[in-house]
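# Notes for the structure review
Given next are the chains, with one letter for each unit.
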Amino acid sequence: MDSRSQTIDAVRLFCNLLVVLLHASAAFQYVPRQGVEYGVWSFLCGGLAPVLLPTLFFLSGYLLFRNYTNAVYGRKIWSRVKRLAVPYLAWNALFVVVYLVFSAVVPRLAMRVNQFGLDTLAGCVEKVASLTVHPIDGPLWFVRTLFVFALFAPVLVWLFRKLPVWAVGGLVVLLIGGTALFPQQAEAMRMTYPTYALAAFITGGGAATYSFDVFAFFRRFRWPCLVVSLVAMVGLFAMQEFVGPVHPTVWTVLLLLTIPLFWTVAEPLTRLLSARWIQTWGMPASFFIYAGHFLFASTLLHLVAPYLTFTHGKLTVLCLIFVGLGIPVCVLAHWIGRRIAPRLIKVFDATL
(Lines give C-alpha, C1' and ligand atoms only; values in the text may rest on other atoms or scores of the structure.)
Protein backbone atom coordinates (compact mmCIF):
# COMPACT_ATOMS: atom_id res chain seq x y z
CA MET A 1 0.00 0.00 0.00
CA ASP A 2 1.43 3.42 -0.99
CA SER A 3 1.73 6.33 1.41
CA ARG A 4 -1.28 8.16 -0.06
CA SER A 5 -3.54 5.14 0.41
CA GLN A 6 -2.27 4.79 3.97
CA THR A 7 -3.06 8.44 4.62
CA ILE A 8 -6.56 8.11 3.17
CA ASP A 9 -7.25 4.97 5.22
CA ALA A 10 -5.94 6.63 8.38
CA VAL A 11 -8.09 9.75 7.97
CA ARG A 12 -11.15 7.64 7.14
CA LEU A 13 -10.62 5.41 10.19
CA PHE A 14 -10.11 8.46 12.39
CA CYS A 15 -13.37 9.95 11.10
CA ASN A 16 -15.23 6.69 11.75
CA LEU A 17 -13.95 6.76 15.33
CA LEU A 18 -14.90 10.41 15.71
CA VAL A 19 -18.51 9.63 14.85
CA VAL A 20 -18.64 7.67 18.11
CA LEU A 21 -17.42 10.76 19.95
CA LEU A 22 -20.03 12.82 18.12
CA HIS A 23 -22.83 10.65 19.45
CA ALA A 24 -21.36 10.44 22.94
CA SER A 25 -23.36 13.64 23.41
CA ALA A 26 -26.24 11.26 24.23
CA ALA A 27 -24.74 11.27 27.72
CA PHE A 28 -25.70 14.94 28.13
CA GLN A 29 -29.28 13.93 28.91
CA TYR A 30 -28.13 12.44 32.20
CA VAL A 31 -26.30 15.51 33.59
CA PRO A 32 -26.86 19.25 34.07
CA ARG A 33 -25.72 21.14 30.98
CA GLN A 34 -23.39 23.51 32.77
CA GLY A 35 -19.89 23.77 34.17
CA VAL A 36 -16.38 23.21 32.85
CA GLU A 37 -16.77 19.46 32.46
CA TYR A 38 -19.84 19.91 30.28
CA GLY A 39 -18.09 22.64 28.30
CA VAL A 40 -15.12 20.40 27.49
CA TRP A 41 -17.24 17.46 26.36
CA SER A 42 -19.60 19.76 24.50
CA PHE A 43 -16.66 21.06 22.47
CA LEU A 44 -15.27 17.58 21.80
CA CYS A 45 -18.65 16.16 20.75
CA GLY A 46 -20.15 19.24 19.13
CA GLY A 47 -17.10 21.17 17.97
CA LEU A 48 -14.32 18.76 17.00
CA ALA A 49 -16.25 15.62 16.04
CA PRO A 50 -18.59 17.19 13.42
CA VAL A 51 -15.55 17.99 11.26
CA LEU A 52 -15.61 14.34 10.21
CA LEU A 53 -18.71 14.89 8.03
CA PRO A 54 -17.45 17.42 5.46
CA THR A 55 -14.10 15.60 5.53
CA LEU A 56 -15.69 12.29 4.53
CA PHE A 57 -17.94 13.85 1.88
CA PHE A 58 -14.90 15.56 0.37
CA LEU A 59 -12.87 12.35 0.46
CA SER A 60 -15.73 10.31 -1.00
CA GLY A 61 -16.06 12.70 -3.94
CA TYR A 62 -12.32 12.53 -4.53
CA LEU A 63 -12.25 8.73 -4.49
CA LEU A 64 -15.29 8.34 -6.74
CA PHE A 65 -13.93 10.60 -9.48
CA ARG A 66 -10.31 9.52 -9.30
CA ASN A 67 -9.64 7.86 -12.68
CA TYR A 68 -13.37 8.05 -13.41
CA THR A 69 -14.90 7.49 -16.85
CA ASN A 70 -18.50 6.77 -17.73
CA ALA A 71 -17.33 3.34 -18.85
CA VAL A 72 -16.64 2.43 -15.22
CA TYR A 73 -19.84 4.04 -13.87
CA GLY A 74 -21.66 0.72 -13.62
CA ARG A 75 -18.78 -0.94 -11.80
CA LYS A 76 -18.40 1.96 -9.38
CA ILE A 77 -22.11 2.08 -8.61
CA TRP A 78 -22.26 -1.69 -8.11
CA SER A 79 -19.34 -1.38 -5.72
CA ARG A 80 -21.24 1.28 -3.78
CA VAL A 81 -24.40 -0.83 -3.78
CA LYS A 82 -22.43 -3.52 -1.96
CA ARG A 83 -20.47 -1.15 0.29
CA LEU A 84 -23.16 1.44 1.03
CA ALA A 85 -26.72 0.43 0.07
CA VAL A 86 -26.65 -3.15 1.32
CA PRO A 87 -25.12 -2.32 4.75
CA TYR A 88 -27.52 0.61 5.02
CA LEU A 89 -30.54 -1.65 4.59
CA ALA A 90 -29.08 -4.44 6.72
CA TRP A 91 -28.23 -2.28 9.72
CA ASN A 92 -31.57 -0.47 9.70
CA ALA A 93 -33.45 -3.77 9.39
CA LEU A 94 -31.44 -5.14 12.32
CA PHE A 95 -32.31 -2.09 14.42
CA VAL A 96 -36.02 -2.49 13.66
CA VAL A 97 -35.88 -6.14 14.71
CA VAL A 98 -34.01 -5.30 17.93
CA TYR A 99 -36.46 -2.52 18.80
CA LEU A 100 -39.49 -4.72 18.19
CA VAL A 101 -38.13 -7.77 20.01
CA PHE A 102 -36.92 -5.95 23.11
CA SER A 103 -39.60 -3.26 23.36
CA ALA A 104 -41.68 -5.62 25.50
CA VAL A 105 -39.06 -5.56 28.26
CA VAL A 106 -37.27 -2.24 27.70
CA PRO A 107 -39.51 0.81 28.23
CA ARG A 108 -37.12 3.08 26.36
CA LEU A 109 -37.39 0.92 23.26
CA ALA A 110 -41.17 0.72 23.61
CA MET A 111 -41.22 4.52 23.52
CA ARG A 112 -39.07 4.51 20.37
CA VAL A 113 -41.32 1.95 18.69
CA ASN A 114 -44.26 4.27 19.25
CA GLN A 115 -42.26 7.37 18.26
CA PHE A 116 -41.00 5.84 15.01
CA GLY A 117 -44.26 4.12 14.11
CA LEU A 118 -42.66 0.69 14.13
CA ASP A 119 -45.97 -0.87 15.11
CA THR A 120 -46.94 -0.72 11.43
CA LEU A 121 -45.32 -2.26 8.37
CA ALA A 122 -45.23 1.15 6.66
CA GLY A 123 -43.39 2.63 9.62
CA CYS A 124 -40.82 -0.15 9.57
CA VAL A 125 -40.22 0.17 5.84
CA GLU A 126 -39.91 3.93 6.15
CA LYS A 127 -37.20 3.65 8.81
CA VAL A 128 -35.31 1.04 6.80
CA ALA A 129 -35.53 2.15 3.18
CA SER A 130 -36.81 5.72 2.86
CA LEU A 131 -34.69 8.21 0.90
CA THR A 132 -35.85 11.16 3.00
CA VAL A 133 -36.83 9.97 6.49
CA HIS A 134 -33.99 9.85 9.00
CA PRO A 135 -32.89 6.19 9.33
CA ILE A 136 -33.39 4.36 12.59
CA ASP A 137 -29.61 3.77 12.72
CA GLY A 138 -28.94 7.51 12.84
CA PRO A 139 -25.32 7.70 11.57
CA LEU A 140 -26.30 5.95 8.34
CA TRP A 141 -27.95 9.07 6.91
CA PHE A 142 -24.44 9.88 5.67
CA VAL A 143 -24.21 6.54 3.84
CA ARG A 144 -27.57 7.07 2.13
CA THR A 145 -26.70 10.62 1.08
CA LEU A 146 -23.34 9.53 -0.29
CA PHE A 147 -24.94 6.75 -2.32
CA VAL A 148 -27.50 9.13 -3.83
CA PHE A 149 -24.74 11.60 -4.74
CA ALA A 150 -22.80 8.81 -6.45
CA LEU A 151 -25.78 8.01 -8.68
CA PHE A 152 -25.37 11.43 -10.32
CA ALA A 153 -21.69 10.92 -11.16
CA PRO A 154 -22.25 11.12 -14.96
CA VAL A 155 -23.91 14.53 -14.57
CA LEU A 156 -21.13 15.83 -12.36
CA VAL A 157 -18.33 14.52 -14.54
CA TRP A 158 -19.99 16.16 -17.55
CA LEU A 159 -19.92 19.47 -15.69
CA PHE A 160 -16.29 18.95 -14.68
CA ARG A 161 -15.25 18.30 -18.27
CA LYS A 162 -17.38 20.95 -19.95
CA LEU A 163 -16.77 23.80 -17.53
CA PRO A 164 -13.51 25.48 -16.52
CA VAL A 165 -12.40 25.25 -12.92
CA TRP A 166 -13.59 28.77 -12.11
CA ALA A 167 -17.09 27.96 -13.39
CA VAL A 168 -17.34 24.82 -11.25
CA GLY A 169 -16.16 26.91 -8.31
CA GLY A 170 -18.87 29.42 -9.17
CA LEU A 171 -21.49 26.66 -9.10
CA VAL A 172 -20.34 25.66 -5.62
CA VAL A 173 -20.60 29.30 -4.50
CA LEU A 174 -24.10 29.54 -5.99
CA LEU A 175 -25.02 26.32 -4.22
CA ILE A 176 -23.91 27.79 -0.91
CA GLY A 177 -25.62 31.06 -1.72
CA GLY A 178 -28.86 29.17 -2.17
CA THR A 179 -28.94 28.62 1.59
CA ALA A 180 -29.31 32.39 2.00
CA LEU A 181 -32.30 32.47 -0.36
CA PHE A 182 -33.92 29.35 1.08
CA PRO A 183 -32.76 29.14 4.71
CA GLN A 184 -35.76 27.13 5.95
CA GLN A 185 -35.33 24.50 3.25
CA ALA A 186 -31.58 24.35 3.92
CA GLU A 187 -32.22 23.85 7.61
CA ALA A 188 -34.81 21.16 6.94
CA MET A 189 -32.30 19.22 4.79
CA ARG A 190 -29.48 19.36 7.32
CA MET A 191 -29.77 15.65 8.16
CA THR A 192 -30.70 14.37 4.71
CA TYR A 193 -29.00 16.15 1.80
CA PRO A 194 -27.28 19.20 3.31
CA THR A 195 -25.69 21.83 1.12
CA TYR A 196 -22.24 21.46 2.68
CA ALA A 197 -22.27 17.74 1.86
CA LEU A 198 -22.92 18.30 -1.84
CA ALA A 199 -20.45 21.21 -1.97
CA ALA A 200 -17.73 19.08 -0.31
CA PHE A 201 -18.51 16.11 -2.58
CA ILE A 202 -18.31 18.28 -5.72
CA THR A 203 -15.10 19.92 -4.54
CA GLY A 204 -13.45 16.56 -3.89
CA GLY A 205 -14.70 15.17 -7.21
CA GLY A 206 -13.50 18.24 -9.08
CA ALA A 207 -10.07 18.00 -7.50
CA ALA A 208 -9.79 14.38 -8.67
CA THR A 209 -11.08 15.14 -12.17
CA TYR A 210 -8.70 18.07 -12.65
CA SER A 211 -5.81 16.00 -11.20
CA PHE A 212 -5.29 18.52 -8.44
CA ASP A 213 -3.16 17.01 -5.69
CA VAL A 214 -5.11 18.17 -2.65
CA PHE A 215 -2.93 16.18 -0.28
CA ALA A 216 0.22 17.91 -1.50
CA PHE A 217 -1.60 21.26 -1.29
CA PHE A 218 -2.68 20.72 2.32
CA ARG A 219 0.82 19.52 3.15
CA ARG A 220 2.50 22.47 1.47
CA PHE A 221 0.21 25.06 3.04
CA ARG A 222 -0.20 23.15 6.28
CA TRP A 223 -0.06 26.07 8.68
CA PRO A 224 -2.41 28.48 6.88
CA CYS A 225 -4.88 25.63 6.33
CA LEU A 226 -4.60 24.53 9.94
CA VAL A 227 -5.22 28.05 11.25
CA VAL A 228 -8.21 28.65 8.97
CA SER A 229 -9.74 25.27 9.86
CA LEU A 230 -9.26 25.73 13.59
CA VAL A 231 -10.71 29.22 13.52
CA ALA A 232 -13.72 27.95 11.54
CA MET A 233 -14.25 25.01 13.89
CA VAL A 234 -13.93 27.02 17.10
CA GLY A 235 -15.91 29.91 15.66
CA LEU A 236 -18.80 27.68 14.62
CA PHE A 237 -18.88 25.97 17.99
CA ALA A 238 -18.75 29.29 19.87
CA MET A 239 -21.57 30.72 17.79
CA GLN A 240 -23.77 27.69 18.40
CA GLU A 241 -23.06 27.66 22.13
CA PHE A 242 -23.12 31.36 22.98
CA VAL A 243 -25.10 33.08 20.23
CA GLY A 244 -27.78 30.58 19.28
CA PRO A 245 -28.91 29.07 15.99
CA VAL A 246 -26.43 29.86 13.21
CA HIS A 247 -27.74 31.02 9.84
CA PRO A 248 -27.53 28.11 7.35
CA THR A 249 -25.19 30.05 5.03
CA VAL A 250 -22.72 30.87 7.80
CA TRP A 251 -22.99 27.34 9.17
CA THR A 252 -22.32 25.84 5.73
CA VAL A 253 -19.32 28.07 4.98
CA LEU A 254 -17.67 27.49 8.35
CA LEU A 255 -18.21 23.74 8.17
CA LEU A 256 -16.67 23.60 4.69
CA LEU A 257 -13.65 25.57 5.92
CA THR A 258 -12.90 22.78 8.42
CA ILE A 259 -12.21 20.25 5.63
CA PRO A 260 -8.42 20.79 5.60
CA LEU A 261 -8.10 20.24 9.37
CA PHE A 262 -7.44 16.50 9.50
CA TRP A 263 -5.41 16.56 6.28
CA THR A 264 -2.97 19.06 7.80
CA VAL A 265 -2.22 16.55 10.57
CA ALA A 266 -2.52 13.49 8.30
CA GLU A 267 1.15 12.47 8.62
CA PRO A 268 1.24 12.13 12.43
CA LEU A 269 -2.28 10.70 12.31
CA THR A 270 -1.12 8.03 9.86
CA ARG A 271 1.85 7.15 12.05
CA LEU A 272 -0.41 6.94 15.10
CA LEU A 273 -2.94 4.67 13.41
CA SER A 274 -0.33 2.48 11.72
CA ALA A 275 0.24 0.55 14.95
CA ARG A 276 -0.11 -3.17 14.27
CA TRP A 277 -2.92 -3.71 16.78
CA ILE A 278 -4.95 -0.90 15.22
CA GLN A 279 -4.38 -2.25 11.71
CA THR A 280 -5.28 -5.75 12.88
CA TRP A 281 -8.36 -4.91 14.93
CA GLY A 282 -9.52 -1.38 14.19
CA MET A 283 -9.11 -1.04 10.44
CA PRO A 284 -11.19 -4.12 9.45
CA ALA A 285 -13.94 -3.03 11.86
CA SER A 286 -13.95 0.61 10.74
CA PHE A 287 -17.37 0.65 9.05
CA PHE A 288 -18.81 -1.74 11.64
CA ILE A 289 -17.84 0.76 14.34
CA TYR A 290 -19.40 3.60 12.36
CA ALA A 291 -22.72 1.83 11.93
CA GLY A 292 -22.80 -0.39 15.00
CA HIS A 293 -21.86 1.98 17.81
CA PHE A 294 -25.38 3.41 17.72
CA LEU A 295 -26.48 0.01 19.03
CA PHE A 296 -23.61 -1.21 21.19
CA ALA A 297 -22.29 2.03 22.70
CA SER A 298 -25.79 3.43 23.23
CA THR A 299 -26.88 0.24 25.02
CA LEU A 300 -23.91 0.47 27.37
CA LEU A 301 -24.62 4.12 28.09
CA HIS A 302 -28.30 3.67 28.90
CA LEU A 303 -27.64 0.55 30.99
CA VAL A 304 -25.06 2.24 33.20
CA ALA A 305 -26.24 5.86 33.42
CA PRO A 306 -29.25 5.34 35.74
CA TYR A 307 -27.02 3.70 38.35
CA LEU A 308 -24.48 6.52 38.60
CA THR A 309 -25.66 8.75 41.43
CA PHE A 310 -22.68 11.10 41.70
CA THR A 311 -22.59 14.41 39.86
CA HIS A 312 -18.99 15.55 39.56
CA GLY A 313 -17.24 13.53 36.88
CA LYS A 314 -20.38 11.67 35.87
CA LEU A 315 -20.38 13.07 32.34
CA THR A 316 -16.74 12.11 31.83
CA VAL A 317 -17.43 8.57 33.00
CA LEU A 318 -20.44 8.24 30.70
CA CYS A 319 -18.62 9.62 27.67
CA LEU A 320 -15.66 7.35 28.32
CA ILE A 321 -18.01 4.39 28.56
CA PHE A 322 -19.64 5.39 25.28
CA VAL A 323 -16.35 5.91 23.43
CA GLY A 324 -13.71 4.02 25.38
CA LEU A 325 -15.81 0.94 25.98
CA GLY A 326 -18.25 1.23 23.09
CA ILE A 327 -15.55 1.05 20.42
CA PRO A 328 -13.85 -2.08 21.83
CA VAL A 329 -17.26 -3.76 22.16
CA CYS A 330 -17.94 -3.01 18.49
CA VAL A 331 -14.54 -4.40 17.53
CA LEU A 332 -15.17 -7.52 19.63
CA ALA A 333 -18.62 -8.02 18.10
CA HIS A 334 -17.09 -7.67 14.65
CA TRP A 335 -14.35 -10.19 15.48
CA ILE A 336 -16.87 -12.70 16.83
CA GLY A 337 -19.08 -12.18 13.79
CA ARG A 338 -16.18 -12.88 11.44
CA ARG A 339 -15.50 -16.12 13.28
CA ILE A 340 -19.10 -17.33 13.52
CA ALA A 341 -20.64 -16.05 10.28
CA PRO A 342 -17.93 -14.53 8.03
CA ARG A 343 -20.20 -14.22 4.99
CA LEU A 344 -23.00 -12.57 6.92
CA ILE A 345 -20.69 -10.09 8.65
CA LYS A 346 -19.56 -8.84 5.23
CA VAL A 347 -23.06 -7.42 4.83
CA PHE A 348 -22.58 -5.35 7.98
CA ASP A 349 -18.96 -4.23 7.62
CA ALA A 350 -19.22 -3.07 3.99
CA THR A 351 -16.79 -5.63 2.58
CA LEU A 352 -19.09 -7.48 0.18
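Everything discussed here concerns the structure shown above.
Our subject in this report is the structure included herewith.

Turning next to the overall build of the protein chain. Assigned secondary structure in the protein chain consists of 20 helices and zero strands. Principal axes of the C-alpha set define a box for the protein chain whose edges measure 60 × 45 × 45 Å. For the protein chain, buried positions account for 51% of its 352 residues. Contacts in the protein chain between residues far apart in sequence, at least 24 positions, make up 79% of those at least 6 positions apart.

The next thing to look at is the environment of leucine 320. Position of leucine 320 among the secondary structure elements: in helix H19 (residues 314-340). Sequence separation between leucine 320 and tryptophan 91 is 229 residues; the distance between their C-alpha atoms is 24 Å. Among all residues touching leucine 320, those that are not within four sequence positions of it are Trp41 and Leu325.

Let's shift gears to the nonpolar core. Of all hydrophobic cores here, the largest spans 119 residues; its most connected members are Phe57, Phe65, Phe142 and Tyr196. Of all the elements, helix H4 (residues 73-102) adds the most residues to this core, at eleven residues. Not counting residues up to four positions away in its chain, the partners in contact with phenylalanine 57 are Trp141, Phe142, Thr145, Leu146, Phe149, Tyr196, Ala197, Ala200 and Phe201.

In terms of burial, helix H7 (residues 141-151) is largely enclosed, as ten of its eleven residues are buried. Among the residues of H7, Trp141, Phe142, Val143, Arg144, Thr145, Leu146, Phe147, Val148, Phe149 and Ala150 are the ones counted as buried. Those residues of H7 hidden inside the fold are in contact with helix H3 (52-65), H4, helix H8 (153-162), helix H11 (195-209) and helix H18 (286-304).

Residue position: asparagine 70 is located in the loop between H3 and H4. Sequence separation of asparagine 70 and arginine 219 is 149 residues, and the distance between their C-alpha atoms is 31 Å.

Attention shifts here to the packing of aromatic side chains. Taken as a whole and assessed by the stated rule, the structure comprises 27 aromatic pairs. With a centroid separation of 6.1 Å and an interplanar angle of 70°, the aromatic rings of phenylalanine 65 and phenylalanine 201 are classed as edge-to-face. Pair noted here: phenylalanine 65 is in helix H3 and phenylalanine 201 is in helix H11, with a separation of 136 residues, a long-range link. Neither residue differs from the other here; phenylalanine 65 and phenylalanine 201 are each classed as buried. When the ring of phenylalanine 95 is compared with that of tyrosine 99, the centres are 6.3 Å apart and the planes differ by 40°; the resulting orientation is tilted. Remark: tyrosine 99 and phenylalanine 95 occur in helix H4; sequence separation between them is four residues, near one turn of the helix.

A few words on the state of the cysteines. On inspection of all chains with the given rule, the structure shows zero disulfides. Cysteine 45 supplies the cysteine sulfur nearest to cysteine 15, a cysteine that is in no disulfide, at a spacing of 15 Å. Free of any disulfide, cysteine 330 has its nearest cysteine sulfur in cysteine 319, 16 Å distant.

Bringing the side chain of aspartate 137 into the picture now. Within the fold, aspartate 137 resides in the loop between helix H6 (121-129) and H7. This buried residue, aspartate 137, is left without a salt bridge; lysine 127 holds the nearest opposite charge, at 11 Å.

Here the phi dihedral of serine 211 falls at roughly 55°; this positive angle occurs in a residue that is not glycine. One can find serine 211 in the loop between H11 and helix H12 (214-220). Judged by relative accessible area, which is 65%, serine 211 ranks as exposed. Unlike most non-glycine residues, alanine 350 shows phi in positive territory, near 60°. Structurally, alanine 350 is set in the segment after helix H20 (342-348). Residue alanine 350 is classed as buried on the basis of its relative accessible area, which comes to 15%.

Once that is clear, we can look at helix H16 (residues 266-273). Among all positions of H16, only Ala266, Leu269, Thr270 and Leu273 are buried. Buried residues of H16, seen end-on, are gathered within an arc of 100° and therefore sit on one face of the element. Along H16, the residues that are exposed and aim more than 90 degrees away from the buried face are Arg271 and Leu272.

So, how was this worked out
- Residues numbered from 1 in each chain as written.
- Predicted model: local features only at pLDDT ≥ 70, side-chain atom pairs only at ≥ 80, totals over all residues.
- Heavy atoms only, no water.
- Helix = DSSP H or I, 4+ residues; strand = E, 2+ residues; numbered from the N terminus.
- Buried < 20%, exposed > 50% of the residue type's maximum accessible area, 1.4 Å probe, protein only.
- Contact = heavy atoms within 4.5 Å.
- Core = buried A, V, L, I, M, F, W, Y, C linked by side-chain atoms within 4.5 Å.
- Phe/Tyr/Trp six-rings, centres within 6.5 Å; stacked < 30°, edge-to-face > 60°.
- Disulfide = S-S within 2.5 Å.
- Lys, Arg positive; Asp, Glu negative; His and termini not counted.
- Salt bridge = Lys/Arg side-chain N within 4 Å of Asp/Glu carboxyl O.
- Arc of directions from axis to C-beta.

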